[in-house]
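Close look at the chain arrangement
Okay, here's what each chain looks like letter by letter:
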Amino acid sequence: MSVLSQLLVDGGIALPMLDGSALQLSPEIASRAQFGWTISVHILFAALSIGLAPFIIYFTWKEVRTDDERFTRLRSFWVKVFAAGFVMGTVTGIPMSFQFGTNFPQFSSVAGEMIGGPLAFEAKMAFFLEAVFLGVLLFGRERVSDRTFILSSVLVGFGAWLSGFWILVVNSWMQTPQGYEMITRNGMEVAKLTDPIAAFFNPRMTWMYVHMINAAVISVALLVAGVSAYIVWKKRDSEAWGTALKIAVLILLVSAPLQAIHGDAYGRHVEDTQPQKFAAMEAHYETGTADLHLLAFPTDPSALTDPRAENLFTISLPRVGSFLASGGDFNAEVLGLNEYEENPPVAMVFWSFRFMVGLGFLFIALALWGGYLLYRGRLSDSDRYLKAMIMASPFGYAALLTGWYVTEIGRQPWVIQDQLTTSEAVSTTLTATEATLTLVGFLVIYGALVLVALYILRWLIQDELRELGVQETSGDRWYGPIPGVSDDD
Amino acid sequence: MTELLLPVDSYLVEPLPEIWFGLVMFALTMYIVLDGFDFGIGMLYATRDNDHDRETLLSAFGPVWDANEVWVIAFGTMTLAAFPDVYSRLLADHYLLALGFVLALLFRGLGPELREQRDDERWMRYCDYSFIGGSLFAPLLFGMIAGRWVFDAATLSAPTLLTGIGLVAVSVVTGAAFLAAKTGPALASEMRDYGIIATLAYLGGVVVLLATVVFTDAGGAADTILSIPAAVIVVLSVAAGLGGIVLAGRGEYRAWLASALALPVLLSALVALLLYPTIYPPTGLTVQDAVVSPLALNLTTVLGVPVLLLVLWYFKFLYGVFSGPIEGEGYGA
């Protein structure tokens, strides 16, 4: 139960609530867990589309223009991954947007004017674009011209990035809301749009967009690198997959350091605009000067659920927290969590943040190592590097998810910062039974979906290895290759 | 600065809220027309027992279903953007139906996608169940939500259930007509038979539904149903249905498809007629009560409507690329 509950709480549930035998979850807790869980699964596929888009465009362009067998192979493989990911993104995304209405109707009513437009633009401008031209990209090679085919790949990629833009307009507005005033409509206090530019391009918007898109690029570059490394490891002379590994490493060399530099400045922006979240990220309770914790280890198990100075061993730069937050003053006061009546679950935010940052530094190290090997021309020869990249392939996603938890759980107890709390947003007509029932349903179905997605990736890799002529090592009872018949090309 | 570009205190044109009611209904129509025939294909898939036919049906469905499904998101988000309280109530008051519907969509979409991933009989059978079940339950539950919405009726009441079943039947009609127009003669003639049965079931269902509503005055809709516009819609539906049966009998499948597609359009028109001027009958909320403030709606109009036209062009392009009958195993993925 406890590991599962830990997974469940990503919607921002305080840990103490999970203690004991809470079989009947309250509608609020169940709704938060359900939303947190569905978005955690959905974001994996959304990020896949965003991060894979540049690869798809590049491979398609190279294939059509050069007829190089390497790019035919790479395009064919990754378009299949993209298509499966897109379908999963669609089917997991629709329930998510419906939950704004089913579980958080007060949020939809209060924020309707602010979020409805962007969400509608997302569907109309971005989602349709992706869905329509993906159909062409998957099934239309023989039916459209080369130029239209390449253009389709560009439109699909553009759609993915634009989709991210509108979604983050909504999310960033929830973090730093502006461009509205509160009015009464149908007997309810709701936000009325007064300045769309201010609302859409709120202070958080560009920070979040850069950080999130880059996170998706890093996650997918690591995935591509991992898959490529695995195939290269099995089949040393595969030119196509050596090329894919090289491209992924080059992308990581740019994106991983950029994320660290950008993230550092982003942190200062969060301190300015959401001091409570910042304090939770640093487990900073007393208002006063703040140290910067470079590394933190629990000295007592209690630190895992309640990190405080007393139960942590930290390597810290004294007062650098103050220095950074104030932009140059070592003695600056940083607001502590004790100033607030209600706080986010500090442990989740604190540890998620550390996990994300730690992984970010690991990615930089892996990128630099790969860059060095590339420079020496030994990228595909180093067993140690190939193994490291295979193991690192899911870590990009782990960093992306924990980063998202910092953002979302750190905003609690607010759903719209300083305007509407999450508990006020939850449906008043929802019963505990309904909420628990659907939560269990989503847990099971989305959990199965993630497993299926992993299996699909595995099967695609096995197909690819078979086509490259690599003998299967163990009998796979699911799959019987038909001798003499290749099921593709 | 914004004030220079868009009026803040008045709608761009006075009836803009009503126009948006029309746009939301248009998105609903597009959804039940386009994804409707996808659902029909999914249900008719259950009647196919050989792999060749099944592949043919999946090929007809493959390139377009995902784009068709996006219309439900367009419908939802346009409702949220223009009438947020309707979005909230529609989903929150039909919690289990709404989430059941989206899960049915999930199974419907995943089935065909997963099916092609491996060549294993049992695996493919489960994927087929997922596809067929999802294609049946999605229109049933969506129709039930619409029934509760329009008639303010209980979940297990006759108006709600009949609306759900009606949407299922009309989906089979359009699915059958679409397949008849897209596939070879052997399959087409079988589809014609299913289509004719479904048309009769649909027309019968609509008559029973409307009679029930008139008799019980569910949601106070009896007067509207006995009005001239409603009578016109019913007459046109019967004409389209029976005309479709004649066309199908003659083997004029493309013309049959056109008349079949008129059925969900008319159904949607009936929904709009029954709703207006309220937009959420259970609470008596009218279009004017529920609409967002002028600036928000003006902005959504200026940014959204041109894009909506562009989307229609994409669809024309998409259906153009994949027009014509399917040969053998499909489009050559």
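Note that the structure is predicted; figures quoted are calculated from it, not measured.

Quick notes on the nonpolar core
Side chains of a nonpolar character, in soluble globular proteins, are inclined to be buried together. Grouped together as the largest cluster of nonpolar side chains are 296 residues, with contacts concentrated most on A:Leu52, A:Trp78, A:Phe107, A:Trp241, B:Trp71, B:Phe83 and B:Phe101. It is helix α4 (residues 105–139) of chain A that contributes the most residues to this core, 20 residues altogether. When residues of this core are assigned to domains, at least three map to each of domain 1 (28–287 + 335–467) and domain 2 (288–334) of chain A.

Examining a nonpolar patch on the surface
Residues and elements named next belong to chain A. Judged by side-chain polarity, Leu-294, Leu-295, Phe-297, Phe-313, Ile-315 and Leu-317 come together as a nonpolar surface patch covering roughly 550 Å² of accessible area. For the nonpolar patch, the elements supplying multiple residues, two or more each, are β3 (292–298) and β4 (312–317). With respect to the helices and strands, the residue Phe-297 is situated in strand β3.

Concerning the environment of B:Phe21
Residue and element names in this part refer to chain B. Here Phe-21 shows up in helix α2 (residues 16–45). Here Phe-21 falls in the buried class, since its relative accessible area comes to 7%. Sequence-wise, Phe-21 and Tyr-276 are 255 residues apart; in three dimensions their C-alpha atoms are separated by 8.7 Å. Residue contacts for Phe-21: discarding those within four places in its chain leaves Phe-83, Ala-272, Leu-275, Tyr-276, Ile-279 and Val-287.

A look at the interface of chain A and chain B
If you look at the interface, chain A gives 73 residues, while chain B gives 71 residues. Carbon and sulfur atoms supply 73% of the area buried between chain A and chain B, which totals about 6400 Å² over both sides. Applying the counting rule to chain A against chain B returns 14 residue pairs in polar contact (both at pLDDT 80 or more). Among the secondary structure elements, those contributing two or more residues to the side of chain A that touches chain B are α3 (69–102), α4, β2 (188–193), α6 (196–200) and α16 (432–467) of chain A. Considering each element in turn, the side of chain A that touches chain B owes the most residues, 25 residues, to α4(A). Per-class residue counts for the side of chain A that touches chain B are 45 nonpolar, 21 polar and seven charged.

Brief notes about the pairing of strand β1 (residues 180–185) of chain A
Residues and elements named next belong to chain A. Taken together, the six bridges between β1 and β2 define a ladder with antiparallel strand orientation. Looking at the pairing, Met-182 lines up with Ala-191 of β2. Where β1 folds back onto β2 in an antiparallel hairpin, the turn is made up of two residues, including Asn-186, whose phi is positive at roughly 50°.

Observations regarding the domain arrangement of chain A
All names here are of chain A. Domain assignment breaks chain A into domain 1 (28–287 + 335–467) and domain 2 (288–334). One C-alpha centre belongs to domain 1, the other to domain 2, and the line joining them spans 29 Å. Counting residues at the interface gives 18 residues for domain 1, matched by 20 residues for domain 2. For the pairing of domain 1 and domain 2, the buried interface totals around 1400 Å² over both sides, and the portion due to carbon and sulfur atoms is 61%.

What to know about the environment of A:Phe201
Residue and element names in this part refer to chain A. Tracing the sequence through the fold places Phe-201 in the loop between α6 and α7 (205–234). Counting along the chain gives 29 residues from Phe-201 to Ser-172, while the straight-line C-alpha distance between them is 8.7 Å. Every residue in contact with Phe-201, bar those within four places of it in the chain, is listed here: Phe-165 and Gln-178.

Notes on the packing of helix α8 (residues 239–273) of chain A against helix α9 (residues 275–282) of chain A
Geometry of a packed helix pair, given as the angle between the helix axes and the separation of the axes. Residue and element names in this part refer to chain A. The N-to-C vectors of α8 and α9 enclose an angle of 125°; their axes lie 5 Å apart at closest approach. Taken as axis vectors, α8 and α9 run oblique relative to one another. On α9, the residues touching Gly-267, Val-270, Glu-271, Asp-272 and Thr-273 of α8 are Pro-275, Lys-277, Phe-278 and Met-281. In the contact of α8 with α9, the residues fall into four nonpolar, two polar and three charged.

Overview of unusual backbone geometry
The residue after A:Gln412, namely A:Pro413, is reached through a cis peptide bond having omega 5°. With an omega of 5°, the peptide bond between B:Tyr276 and B:Pro277 qualifies as cis. Within the element layout of this structure, B:Pro277 appears in the loop between α12 (253–275) and β1 (278–280). Notably, A:Asn186 is not glycine yet its phi reads approximately 50°, a positive angle.

Description of the packing of aromatic side chains
All names here are of chain A. Considering all chains together, one arrives at 44 aromatic pairs over all chains under this definition. Relative to Trp-61, the ring of Tyr-58 has its centre 6.3 Å away and its plane inclined at 45°; by these criteria the two rings are tilted. You can see Tyr-58 and its partner Trp-61 sitting in helix α2 (residues 27–66), three residues apart, about one turn around the helix. Ring plane angle 85° and centroid distance 5.7 Å describe the contact between Trp-166 and Phe-200, whose orientation is recorded as edge-to-face. Taken as a pair, Trp-166 in helix α5 (residues 146–175) and Phe-200 in helix α6 lie far apart in primary sequence, 34 residues in all. No difference in accessibility class separates Trp-166 from Phe-200, as the two residues are buried. One aromatic cluster is present, built from ring pairs that chain together Phe-121, Phe-165, Trp-166, Phe-200, Phe-201 and Tyr-209. If you follow Arg-141 out to its NZ or CZ, it ends over the ring of Phe-149, 4.7 Å from the centre. A cation over an aromatic ring shows up here: Arg-354 above the ring of Phe-350, its NZ or CZ 4.1 Å from the ring centre.

Analysis parameters
- Residues numbered from 1 in each chain as written.
- Chains lettered and ligands numbered in written order.
- Predicted model: local features only at pLDDT ≥ 70, side-chain atom pairs only at ≥ 80, totals over all residues.
- Heavy atoms only, no water.
- Core = buried A, V, L, I, M, F, W, Y, C linked by side-chain atoms within 4.5 Å.
- Buried < 20%, exposed > 50% of the residue type's maximum accessible area, 1.4 Å probe, protein only.
- Helix = DSSP H or I, 4+ residues; strand = E, 2+ residues; numbered from the N terminus.
- Domains from an automatic or database assignment.
- Patch = residues over 30% accessible without salt bridge, like charges linked within 9 Å, V, L, I, M, F, W, Y side chains within 5 Å.
- Areas by Shrake-Rupley, 256 points an atom, 1.4 Å probe, with all protein chains shown as cover.
- Salt bridge = Lys/Arg side-chain N within 4 Å of Asp/Glu carboxyl O.
- Contact = heavy atoms within 4.5 Å.
- Buried area = accessible area lost by both parts, 1.4 Å probe.
- Polar contact = N/O pair within 3.5 Å; in protein donor to acceptor, adjacent residues only side chain to side chain.
- Nonpolar A, V, L, I, M, F, W, Y, C, P; charged D, E, K, R; others polar.
- Pairing = 2+ DSSP bridges.
- Axes fitted to C-alpha atoms, helices over the stretch in contact; angles between N-to-C directions.
- Parallel < 35°, antiparallel > 145°, perpendicular 65-115°, else oblique.
- Phe/Tyr/Trp six-rings, centres within 6.5 Å; stacked < 30°, edge-to-face > 60°.
- Lys NZ or Arg CZ within 6 Å of the ring centre and 35° of its normal.

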